[in-house]
Amino acid sequence: MFIDTHVHLNNEQYNEDLDQVIERAFENNVKEMVVIGFDRPTIERALELAEQYDFIYAAIGWHPVDAIDCTDEDLAWIEKLATEHNKVVAIGETGLDYHWDKSPKDVQEEIFRKQIQLAKRVKLPIIIHNREATGDCVRMLMEEHAEEVGGVMHSFSASVEIAEVIIEKLNFYVGLGGPVTFKNAKTPKKVAAEIPLERIILETDAPFLAPHPNRGKRNEPSYIPLIAAEIAQLRGIAVEEVERVTTENAHRFYNIK
């Protein structure tokens, strides 16, 4: 089976047809999902879904775009939930986003570092959002010794060389999703072809970043096999091997039994 390691089923785009979305996922052999919370409303909804469905798990953190809105009380609340809720499998998504200009860089850095430290206290891996901030992101992860808990670079878009650094130095995984299927996405394709398969996990980031041939439409977990098929083709291996290894990777990363 497949696991969608990063999905936003807590997004309002699924309010009307969530049961059908889940049904389509199961029809396509996507039988486990990790729903990502990144502020108070989305964290609360992620936990609701994790409690409602045996096959859904939650990750909880604070998104860098909204770092300016994050308080110490918010972080204490996240830490309490991570300690008490047995379906919480990671801290995040957190990280750095230099594309949007809502939160100043110094505020993003403070909230990011605090969440790395939080993850180490609760002994959970970290889900990293990185947009146009790769150098700073990797540097801060190293300075905070994130390798003690490990993590994943979600929607990885950097080079093979950066992938090798985070794998070797930080004990990280690489999250690959819809962009690897885009026709002109040379760098994601190169990463998918060259880094160890044992360090790749599959994600949709749904409802965003739908893979080809559904690009531009609402994404959903049922599209995970399209991502796996592209990676299999790029590596010259059977899609069943991608399915098996990436699922094993995800279970190991999230400590899902």
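Here is what the cut-offs are and how they apply
- Residues numbered from 1 in each chain as written.
- Predicted model: local features only at pLDDT ≥ 70, side-chain atom pairs only at ≥ 80, totals over all residues.
- Heavy atoms only, no water.
- Phe/Tyr/Trp six-rings, centres within 6.5 Å; stacked < 30°, edge-to-face > 60°.
- Lys NZ or Arg CZ within 6 Å of the ring centre and 35° of its normal.
- Buried < 20%, exposed > 50% of the residue type's maximum accessible area, 1.4 Å probe, protein only.
- Helix = DSSP H or I, 4+ residues; strand = E, 2+ residues; numbered from the N terminus.
- Pairing = 2+ DSSP bridges.
- Right-handed = clockwise from strand over helix to strand, strands pointing away.
- UniProt positions renumbered as here; feature names shortened; annotations may be inferred.
- Contact = heavy atoms within 4.5 Å.
- Polar contact = N/O pair within 3.5 Å; in protein donor to acceptor, adjacent residues only side chain to side chain.

1. Topic: the packing of aromatic side chains
To describe a pair of aromatic rings, one takes the distance between the centres and the angle between the planes. Across all of its chains, the model carries four aromatic pairs by this definition. Grouping aromatic residues by their ring pairs yields a cluster made of Phe-26, Tyr-53 and Phe-55. In this structure, Arg-40 packs its charged tip against the face of Trp-77, placed 4.2 Å from the ring centre. Over the ring of Tyr-98 we find Lys-105; its NZ or CZ atom is 4.3 Å from the centre of that ring.

2. Description of the pairing of strand β3 (residues 56–60)
Successive side chains on a regular strand alternate, one facing one side of the sheet and the next facing the other. Among the five residues in β3, five count as buried, and that is most of the element. Pairing of strand β2 (residues 30–37) with β3 involves five bridges; the strand directions are parallel. Pairing of Val-34 across the sheet is with Tyr-57, part of β3. As for the winding sense of the linkage, the β-α-β connection from β2 through helix α2 (residues 40–52) to β3 is right-handed. The pairing of β3 with strand β4 (residues 88–97) spans three bridges and is classified as parallel. Looking at the pairing, Ala-58 lines up with Val-88 of β4.

3. Comments concerning the UniProt feature "binding site: a divalent metal cation 2" (unreviewed entry) in the chain
The UniProt feature table records "binding site: a divalent metal cation 2" (unreviewed entry) at His-129 and His-154. A maximum C-alpha distance of 5.8 Å places the annotated residues, which cover 26 residues in sequence, within one compact spot. Position of His-129 relative to the elements: it lies in strand β5 (residues 126–131). Setting aside residues up to four positions removed in sequence, His-129 forms contacts with His-63, Pro-64, Glu-93, Thr-94, Gly-95, Leu-96, Asp-97 and His-154. Among the polar contacts made by the side chain of His-129, one reaches the side chain of His-63 at a distance of 3.3 Å. Inspection of the secondary structure puts His-154 in the loop between β6 (151–153) and α6 (160–170). Beyond its immediate stretch of four places on either side in the chain, His-154 contacts His-6, Glu-93, Ile-127, Ile-128, His-129, Gly-175, Glu-203 and Asp-205.

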